[in-house]
Structures are given as C-alpha cells and as structure tokens.
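Fold and contact review
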Amino acid sequence: MGLFDRISRVVKANLNDLVNKAEDPEKILEQSVTDMQEDLVQLRQAVASAIATQKRTQTQYNQAESQSNQWQQRAQLALQKGDETLAREALVRKKSHAETAATLKASLEQQSTQVESLKRNLIGLESKISEAKTKKDMLKARISAAKAQEQLNNTIGTLNTGSSMAAFDRMEEKVLQIEARAGASAELAAGGSNLEEQFRLLESGGDVDDELAQMKAQLTGGSVSQGQLPAAGKTAAASSSESSPVIDAELEELRSQLNKM
C-alpha cells in the first residue's frame, strides 16, 4: 500500500469521525424532510411541465388532424369539379398534415406515459414525505426520552448514596449506644434507690425495736441495752407475774386506741 493511499484513508477516517460526532439526529431529521420537500417541489414542477407539453402536443395533433381532414375534403371537392391537378395538390397537403399528425400522436403517447410515471412518482414521494414526517416526530420523541433518561442516569451516578447510607448506619449505632447507656443509668439509679430504701427501713425499724426494748425493760424493772432483746417467753412470763389491774387497764386502753387508728 502506497503512502498516499494510507494518508488518504487516514484523512477520510478522521473526516468521517468528525462528521459522525457533529451530526445532531434532530437536525438531520429536519434537514432530510426539508430535502424531500424540495424534491417534491421540483417533481411537481416537472409534472406540471410535462402536462403542459402534453397539452400543447395534443393541441398540435388536433390541428394537424383537422387540417389533414380539411385537405381531404378539398381534394374530393376539386376532383368532383374535374380539376385533378388541384385535387392532387390538396392530397399532397393532406398527406403532409397527416404525417405531422402521426408524428405528434406518437409523441403524445410517449408524453402521456411520461406524465403518468411522473404522477405516480409524485404520489409516492408525497406518501414518503408524510411517512417521514410521522417517523420524524416519533424519532424526535424517542431522542428526547433517551436524552432525559441519560441525564437521569448521570444524575443518579453522581449521587453519593453509599456514603449517605453509611452515615445513617453510623448514626443509628450511636443512637443504640445512647439508649443502652440511658438504660444502664436507669438501672443503676433504681438499684441505688432500692438500697437506700432498704437501709432506711432497717434504720427506722431499729429505732422502734430499741424503743420497744426500753418499754419492756421499764415494765420488768430491768434495763436492756440497744441491740439486746429479752426472750419472748421470759418477757411474757414476767409480765404476767408482775401485772396489776392498773397496768391491764392501761394496756386495754392502748389496744383500743391502736385499733381506732
């Protein structure tokens, strides 16, 4: 392969690539329809011209045919009058017009065929243009939809949804940790309160027990230190042995007051 052939091929390839990149489908469709409409205009002009020529030929044929018939009648008239020379001259003129009429008739038939062909082409082109317009609108709609889809895909591609979802996951984990710490704090606070309450009950119960022991000691005539309580059997025995009517009456009054509370 020669150098010039290679250079020519490279240039053609680059030009084709530039043309392909520069082509806008919508503009190309519009231009194609415009070109077809221009062809339609030219074809209509051609049909109109062919029809005009056909009509002119038809007129010329009719005139030649009429003159041929006219000279035929004149030849007959001259022959009837006995003038053969004049009849011969009329027949010569008749023949000339008849030949012209025959030529025009052949041309007229050819023109008629041409006009019919042009009319069929015109109808076909009009149909193609109508179809092209419909297809152009459909293709333009598909182009718009494809561009919108491409733009949407590009927009979705630029969205950083992965990092956003990861951020949501991290925040959810932090919320769970905060909730866990709050629950633990509540349990510790509840445990401390219960412990304080238990000690408070123990302390309050100890005061009552000490006071009860002192009262028992006063009744028995002895003294009992805090934390030392006499046995229940001995206390009951001492109380029964040393009880008096006055004490019994006081105890009854105390029981009555306690029952009323």
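Examining the pattern of salt bridges
Pairing of side chains with opposite charge becomes possible as their charged atoms draw close. The final tally for this structure, using the stated rule, is 4 salt bridges. Here Glu89 makes a salt bridge to Arg93, at a shortest N to O gap of 3.8 Å. Separated by 4 residues within a single helix, Glu89 and Arg93 lie in helix H3 (residues 84-158), roughly one turn from each other. A relative accessible area of 41% places Glu89 in the partly exposed class. Arg93 sits in the partly exposed class, given a relative accessible area of 39%. Put simply, Glu30, Lys136 and Lys140 are held in one network by salt bridges that share partners.

A few points about the nonpolar core
Core analysis: the biggest nonpolar cluster contains 9 residues, these being Leu40, Leu43, Val47, Ala50, Val115, Leu118, Leu122, Leu125 and Ile129. Mapped by element, the contributors of at least two residues to this core are helix H2 (25-80) and H3. Of the residues forming this core, the biggest block, 5 residues, is contributed by H3. In this view, Val115 contacts Ala50, Ile51 and Gln54; residues no more than four positions away in its chain are not counted.

Section: the confidence of the model for the protein
Reading fine detail from the predicted coordinates is not recommended where pLDDT is low. Per-chain confidence: the protein averages 77 in pLDDT, with 70% of residues scoring 70 or above. When pLDDT is averaged over each element of the protein, H2 comes out on top at 90 and helix H5 (residues 232-242) at the bottom at 45. For residues 223-243, every residue scores under 50 in pLDDT, and the model assigns this stretch 16 contacts once sequence neighbours within four places are set aside.

Definitions and limits used
Each residue is numbered by its place in its chain's sequence as written, counting from 1. With the structure being a predicted model, the display of local features is reserved for residues of pLDDT at least 70 and the display and counting of side-chain atom pairs for 80 or more, all residues being used for whole-chain, interface and lining totals. Hydrogens and water are ignored here; the side-chain numbers use all heavy atoms of the structure. What counts as a salt bridge is simple: a side-chain nitrogen of Lys or Arg found within 4 Å of a carboxyl oxygen of Asp or Glu. A run of DSSP states H or I qualifies as a helix once it reaches four residues; a run of E qualifies as a strand once it reaches two. Both are numbered from the N-terminal end. Only protein chains enter the calculation, and the probe is 1.4 Å; a residue is then buried if its accessible area is under 20% of its type maximum, exposed if over 50%, and partly exposed in between. Residues grouped as a nonpolar core are buried Ala, Val, Leu, Ile, Met, Phe, Trp, Tyr and Cys residues, joined through side-chain atoms within 4.5 Å. Contacts are residue-level and defined by heavy atoms, with any inter-residue pair within 4.5 Å sufficient. pLDDT runs from 0 to 100 and stands for how confident the predictor is about each residue.

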